[in-house]
2 protein chains.
Amino acid sequence: MKDRYLKFVNSPFGASVARSIGLPRPEVLRRYRADQPEFGGMAAIGAGPSPALFETLIDILGALGMTGVAHESARGWLPLANSRGAMSGRFEPQAPDASASERVQALIFDGTGIAESTQLRSLYGFFHDGIRSVAKSGRIIVLGRPPGSCADPHAATAQHALEGMTRSLGKEARSGISSNLLQVAPGADIEATLRFFLSPRSAYVSGQAVRIDAAPAAPPAAKPADWRRPLEGRRALVTGAARGIGASIAGVLASQGAHVIGLDVPPAKDALDQTMLAIEDASPSGGAHAALVADIAAPGASAEIAAALAAMGGIDIVVHNAGITKDRTIAKMTREAWDSVIDINLSAQERIDDALLAQGVLREGGRIIGVSSISGIAGNLGQTNYATSKAGVIGRVRSMAPVLRTRGITINAVAPGFIETQMTARMPLGLREAGRRMNSMSQGGQPVDVGETVAWLASPGCTGITGNVVRVCGQSLIGA
Amino acid sequence: MKDRYLKFVNSPFGASVARSIGLPRPEVLRRYRADQPEFGGMAAIGAGPSPALFETLIDILGALGMTGVAHESARGWLPLANSRGAMSGRFEPQAPDASASERVQALIFDGTGIAESTQLRSLYGFFHDGIRSVAKSGRIIVLGRPPGSCADPHAATAQHALEGMTRSLGKEARSGISSNLLQVAPGADIEATLRFFLSPRSAYVSGQAVRIDAAPAAPPAAKPADWRRPLEGRRALVTGAARGIGASIAGVLASQGAHVIGLDVPPAKDALDQTMLAIEDASPSGGAHAALVADIAAPGASAEIAAALAAMGGIDIVVHNAGITKDRTIAKMTREAWDSVIDINLSAQERIDDALLAQGVLREGGRIIGVSSISGIAGNLGQTNYATSKAGVIGRVRSMAPVLRTRGITINAVAPGFIETQMTARMPLGLREAGRRMNSMSQGGQPVDVGETVAWLASPGCTGITGNVVRVCGQSLIGA
């Protein structure tokens, strides 16, 4: 589906029309392309008292080829960067008419040391000075602690307050700039996550608070040899892979090195075969992908899927993307529409996971990623069945995370907002336009935005991310 | 501030205009009035397997003078009601054109026994049959378990799924009907909470999930002699009480029997005196209220407030309502605007609580209620300072709840959405209309809606409610 308005206002003529009558001007978001550099330029660094992550930041920015420039709030950055041989400098706020090359790609604020509400004042100076200096499709990243990890309620209070700041900045920034909060527990490994949030891969993820725990006792995964292919050698099951978001998830996982088993129902067999062929053609390794045809609603399907995957030697990543909608208000809904949506979107996920886990088919260090929805968070008119099933996916992630922790398996969900698919293309025009514009990016997301987010959660470096629900919604207004 | 549109479309002429051109028709919400019966009529009862709360429901509905009529899903209700001598009957779904007297005042679904996602099918039959039978300003109440209290992840998953159902029903119901989920831990006392959610007092609370824990070891409070005055004999501090929402909170607490100490800053002394006088005039007991003038931002103010309250013999209820806005985008905001909003809206709450708690001025069984905001949940453009402070209030509630539990003190927050006050009356027309209509009630709330919600959380029966954030927003679309 094409967003014609987005194209129009980004043409020379459309831009001048939009300017003169005050229409919103959504930015064409920068997304990941293999033929363009993923990282580069400057990141402005700010900090509250006692920042804990400077050394980590210096090393990661160095590895990305980015230059950290220190705001006056980031005392201690420059000598530390010098001592580690990193490129560095002072942050100079830019005038509103500064050229693109003078702008910073990211504002990164280390608020991990903020221990009481009075120390929130350090946020003001950095973002007041810095927000106008961010490039289009730039990044705002606030680093804090999970409030639950703070022994002192005053610290937990101030850490939770960072959510309000991060979300407000996302609504103020515009120009395709995202704003996210990473709640980093002491000892947590943030590299994979910081890379994702600095990358154009996270284009449509904004307004989120992601909790990163310290890795459990199991040895942390080694760093990937190639950060562009962190899933090298991993085997991934993607349900509902024939089309749309599922096909995109399968494609991104494969492009990052995974061997993908795409699953879909018998009537979608041809589409699934084509999708998997296209993925094979695009994969440099080639030939390691497979199509699996099964109706996950059928009795015995979960056992058959588990057996097929066991025969391949087990699996590392499960993405529960298969889902259906049968929208009607509850008064007009049929029992069949209720039952089938609950069964396919929720109960089938449980049956498959139970089968994979009981037989050890999902290996240690595994990753389960459910696809929820904003409707599962906020409810939706005409979607009692769908919203109930998608809220269940969130409940599943929260309740299974502690159970799976001992096995080194993480479980998380993505919750897409308005994504441009065949499904949204069939919506009435008014609803579709409202869905597209009611978010901080003033546009719908692309299936690849969900795929990239799933791939990040699936990566070996995300050992400390479990029990999280990450919205892929451009910071949609809608929530609960 | 008057909502002229609400008045217009509820006039005979306006109603016909709205009907013919398809404008939204917000319902004039039924609110509590001392001269009208608070409860009455029928409540339709539905249930999943093994409902745990039938006996409790039968007794509470009996005490309220309501008749429970059993849907076919509520097997076992009729014999149990008969054995307890309660009025009862079978639920007959009404045709869409049924008269007001044939409609039910509430749909109550006992889902406490739902232990796996396949059992969610019991929701369908009850709400499919029942939703058109609910009277205007009626109630939908789903009873479940806190997912965190479920040992089995399958049960936690299904219990969390109830959130999606409850919120979707709130968006479908219209006609001023609210929909809320009560997550009842085994052994929790629900009477005060069920009364609130069945009452017109909860008119503007919808789409919420409220967790009710079992009371801690301390003996539970005795039932109030008069349920209209559950705060009899309790002393309450309300900050920012001179005007608006604070004055309304003070008024509702006083009307329910509390002795109110209204606090405000020196420039608001006259307004505060008038407000407290009006409350005294309206109180049958009279004379027990007091005005306290203090600038909570001043050094030493918290110690002075604690000393004044200690001299009165201590206090039972603290409502942190005082708050200010100084809206500007972060790039244009002054440091003073940042600092003063954080200090008054957040740090001052902490200082006052710390002083009251350190000296035991807030007595055992006490209640702390913070006023947060939807901006604290979702962030807001132009409100980085305000949203940060109000997110901090949420962090405070979550982190202090476990600390205070051992002292029998609860801490909760209300998060108002769009409330008709002098503040919102000054908003630009477009923003104001959007704020009013973007919720399931298609209208703004009244200050009394916040007051009633605070009074419920302050009541002795709410021993098991702590660490909750309850939005008073008519189920605003906006969230995170």
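Remember, it's a predicted structure, so these values are computed and weren't measured experimentally.

For D353 of chain A, the location among the structural elements is in helix 11 (residues 335-358). Beyond its immediate stretch of four places on either side in the chain, D353 of chain A contacts V318, H320, I368 and R396 of chain A.

Let us look at the pairing of strand 6 (residues 178-184) of chain B. Strand residues, when the strand is regular, have side chains that alternate between the two faces of the sheet. Residues and elements named next belong to chain B. The buried count for strand 6 comes to 7 of 7 residues, which makes it a mostly enclosed element. Every second residue of strand 6 is oriented toward a common face, with S178, N180, L182 and V184 on one face and S179, L181 and Q183 on the other, all of them buried. Pairing between strand 5 (residues 134-144) and strand 6: 6 bridges, direction parallel. Bridge pairing in strand 6 places I140 opposite S179. Taken together, strand 5, helix 6 (residues 153-173) and strand 6 constitute a β-α-β crossover, and its handedness is right-handed. Alignment of strand 6 against strand 7 (residues 209-212), held across 4 bridges, turns out to be parallel. Looking at the pairing, Q183 lines up with R211 of strand 7.

Our next topic: the pattern of salt bridges. Side chains that differ in sign of charge can pair as their charged atoms come close. All names here are of chain A. Per the counting criterion, the structure on display carries 50 salt bridges over all chains. Between E232 and R229 there is a salt bridge, with the nearest N and O atoms lying 2.7 Å from each other. Owing to a relative accessible area of 45%, E232 belongs among the partly exposed residues under this scheme. Since its relative accessible area comes to 17%, R229 is described here as buried.

Residues and elements named next belong to chain A. Here 7 strands make up an open sheet; going across it, the order is 3-2-1-4-5-6-7 and the pairing parallel. Sheet topology places strand 3 (88-90) and strand 7 (209-212) at the edges, where each strand pairs with a single neighbour. Shown here is a sheet whose adjacent strand axes are inclined to one another by a mean of 25 degrees, direction ignored. Against the sheet, helix 3 (residues 54-64) engages strand 1 (42-47), strand 2 (67-70), strand 4 (104-110) and strand 5 (134-144), with an angle of about 180 degrees to strand 1. Against the sheet, helix 7 (residues 191-198) engages strand 4, strand 5, strand 6 (178-184) and strand 7, with an angle of about 150 degrees to strand 5.

Let's shift gears to the relation of the copies chain B and chain A. With an RMSD of 0.0 Å, the fit of chain B onto chain A corresponds to turning through 180 degrees and sliding 0.0 Å along the axis. Seen this way, the second copy is the image of the first under a two-fold rotation axis. For chain B, the smallest separation between a C-alpha atom and the rotation axis is recorded for G479 of chain B, amounting to 1.7 Å. Same-surface contact between copies: 100% of interface residues of chain B are shared with the interface of chain A.

We now examine the interface of chain B and chain A. Facing the 67 residues of chain B at the interface are 67 residues of chain A. Across the chain B to chain A interface the summed buried area is about 5,600 Å²; carbon plus sulfur atoms make up 59%. Three residues, Y124, E172 and I330 of chain B, lead the burial of chain B against chain A; their summed loss comes to 12% of the area buried on that side. Counting the contacts that link chain B with chain A gives 2 salt bridges. Joining chain B to chain A, the criterion identifies 40 residue pairs in polar contact (both at pLDDT 80 or more). Every element with two or more residues in the side of chain B that touches chain A is listed here: helix 5 (121-130), helix 6, helix 11 (335-358), helix 12 (374-378) and helix 13 (384-405) of chain B. The greatest single-element share of the side of chain B that touches chain A, amounting to 13 residues, is contributed by helix 6 of chain B. Class assignment for the residues of the side of chain B that touches chain A results in 28 nonpolar, 24 polar and 15 charged.

All names here are of chain B. A rise of 1.5 Å per residue sets the reference length of helix 13, with its 22 residues, at 32 Å; its end C-alpha atoms lie 32 Å apart and thus fit the reference within 8%. Bending of helix 13 peaks at approximately 30 degrees at the position of S399, with proline P402 no more than four residues after it. Counting buried positions along helix 13 yields 18 of 22 residues, so the element is predominantly enclosed.

A few words now on the side chain of R396 of chain B. Within the secondary structure, R396 of chain B is located in helix 13. Dropping the residues within four chain positions of it, R396 of chain B is found in contact with T157 of chain A together with Q349, E350, D353, D354 and I411 of chain B.

All names here are of chain A. Here I409 lies in the loop between helix 13 (384-405) and strand 13 (410-416). For I409, a relative accessible area of 2% translates into the label buried. Sequence separation of I409 and T466 is 57 residues, and the distance between their C-alpha atoms is 8.4 Å. When sequence neighbours within four positions are dropped, the list of residues in contact with I409 reads L357, L362, R363, G365, G366, R367, I368, L404 and T466.

All names here are of chain B. Residues T67 and V69 point to one face of strand 2 (residues 67-70) and G68 and A70 to the other, with burial holding for every one of them. In terms of strand pairing, strand 1 (residues 42-47) meets strand 2 through 4 bridges, oriented parallel. Among the inter-strand pairings, A44 is bridged to a residue of strand 2, identified as V69. Following the backbone out of strand 1, through helix 3 (residues 54-64) and into the adjacent parallel strand 2, one traces a crossover that is right-handed.

What follows is about the packing of aromatic side chains. Two aromatic rings, taken as a pair, are described by how far apart their centres are and by the angle between their planes. All names here are of chain B. Per the counting criterion, the structure on display carries 18 aromatic pairs over all chains. Pairing F8 with F13 gives two aromatic rings, centres 6.2 Å apart and planes at 75 degrees, and the pair type is edge-to-face. By relative accessible area, which is 34% here, F8 ends up partly exposed. Exposure remark for F13: the relative accessible area of 59% places this residue in the exposed category. Between F109 and F126, the ring centres sit 6.0 Å apart and the planes meet at 35 degrees, which makes this aromatic pair tilted. With F109 in strand 4 (residues 104-110) and F126 in helix 5, this pair connects stretches of sequence that are 17 residues apart. For F109, a relative accessible area of 0% gives the class buried. Classification of F126 by relative accessible area gives buried; the value is 0%.

Below, the discussion takes up unusual backbone geometry. The backbone of Q475 of chain A sits at a positive phi, close to 60 degrees, despite the residue not being glycine. In this structure, S442 of chain B takes a positive phi of about 55 degrees despite not being glycine.

Bringing the domain arrangement of chain A into the picture now. Residues and elements named next belong to chain A. As assigned here, chain A comprises domain 1 (31-212) and domain 2 (235-472). A C-alpha centroid distance of 30 Å is found between domain 1 and domain 2. Counting residues at the interface gives 22 residues for domain 1 and 27 residues for domain 2. Of the roughly 1,900 Å² buried between domain 1 and domain 2 on both sides combined, carbon and sulfur atoms contribute 54%. Between R31 and D449 there is a salt bridge whose closest N-O contact spans 2.8 Å. For the pair domain 1 and domain 2, the number of links is 9 residue pairs in polar contact (both at pLDDT 80 or more). At the level of elements, helix 6 (153-173), helix 7 and strand 7 are the ones that each hand at least two residues to the side of domain 1 that touches domain 2. Residues of the side of domain 1 that touches domain 2, tallied by class, amount to 11 nonpolar, 6 polar and 5 charged.

About the thresholds
- The residue numbering used here restarts from 1 in each chain and proceeds along that chain's sequence as written.
- Note on labels: chains are lettered from A, ligands numbered from 1, in written order.
- Under the rules for a predicted model, residues below a pLDDT of 70 receive no local features and side-chain atom pairs below 80 are neither given nor counted, while totals for whole chains, interfaces and linings still include all residues.
- With hydrogens and water set aside, each side-chain value is computed from the structure's full complement of heavy atoms.
- In this text, helices come from DSSP runs of H or I with a minimum length of four residues, and strands from runs of E with a minimum of two, each type numbered from the N-terminal end.
- Pairs of residues are marked as contacts when any of their non-hydrogen atoms sit within 4.5 Å.
- Classification of residues uses two cut-offs on accessible area relative to the type maximum, computed with a 1.4 Å probe and protein chains only: under 20% is buried, over 50% is exposed, and between them is partly exposed.
- Should DSSP find at least two bridges between two strands, the strands are regarded as paired.
- The handedness of a crossover follows from its direction of travel: if, with the strands pointing away from the viewer, the path from the first strand over the helix to the second runs clockwise, the crossover is right-handed.
- Any carboxyl oxygen of Asp or Glu that lies within 4 Å of a side-chain nitrogen of Lys or Arg is treated as forming a salt bridge with it.
- To obtain each axis, a line is fitted to C-alpha atoms, and for helices this fit is confined to the stretch in contact; angles are then taken between N-to-C directions over 0 to 180 degrees.
- What sets the superposition is a least-squares fit of C-alpha atoms, and only residues with pLDDT of at least 70 in both copies go into it.
- By definition, the buried area sums, over both parts, the 1.4 Å-probe accessible area that each loses when the two are put together.
- Any N or O atom pair separated by 3.5 Å or less is treated as a polar contact, with the protein-specific requirement of one donor-capable and one acceptor-capable atom, and with residues adjacent in sequence counted only for side-chain atom pairs.
- Ten residue types, Ala, Val, Leu, Ile, Met, Phe, Trp, Tyr, Cys and Pro, are classed as nonpolar, four, Asp, Glu, Lys and Arg, as charged, and the remainder, Gly among them, as polar.
- For a helix, the expected span equals 1.5 Å multiplied by the number of residues minus one.
- To get the bend at a given residue, fit one axis to the seven residues ending there, fit another to the seven starting there, and take the angle between those axes.
- Stacked, edge-to-face and tilted labels apply to pairs of Phe, Tyr and Trp rings (six-membered ring for Trp) whose centres lie within 6.5 Å, assigned for plane angles under 30 degrees, over 60, and everything in between, in that order.
- Just so you know, the domain bounds were taken from an automatic or database domain assignment.

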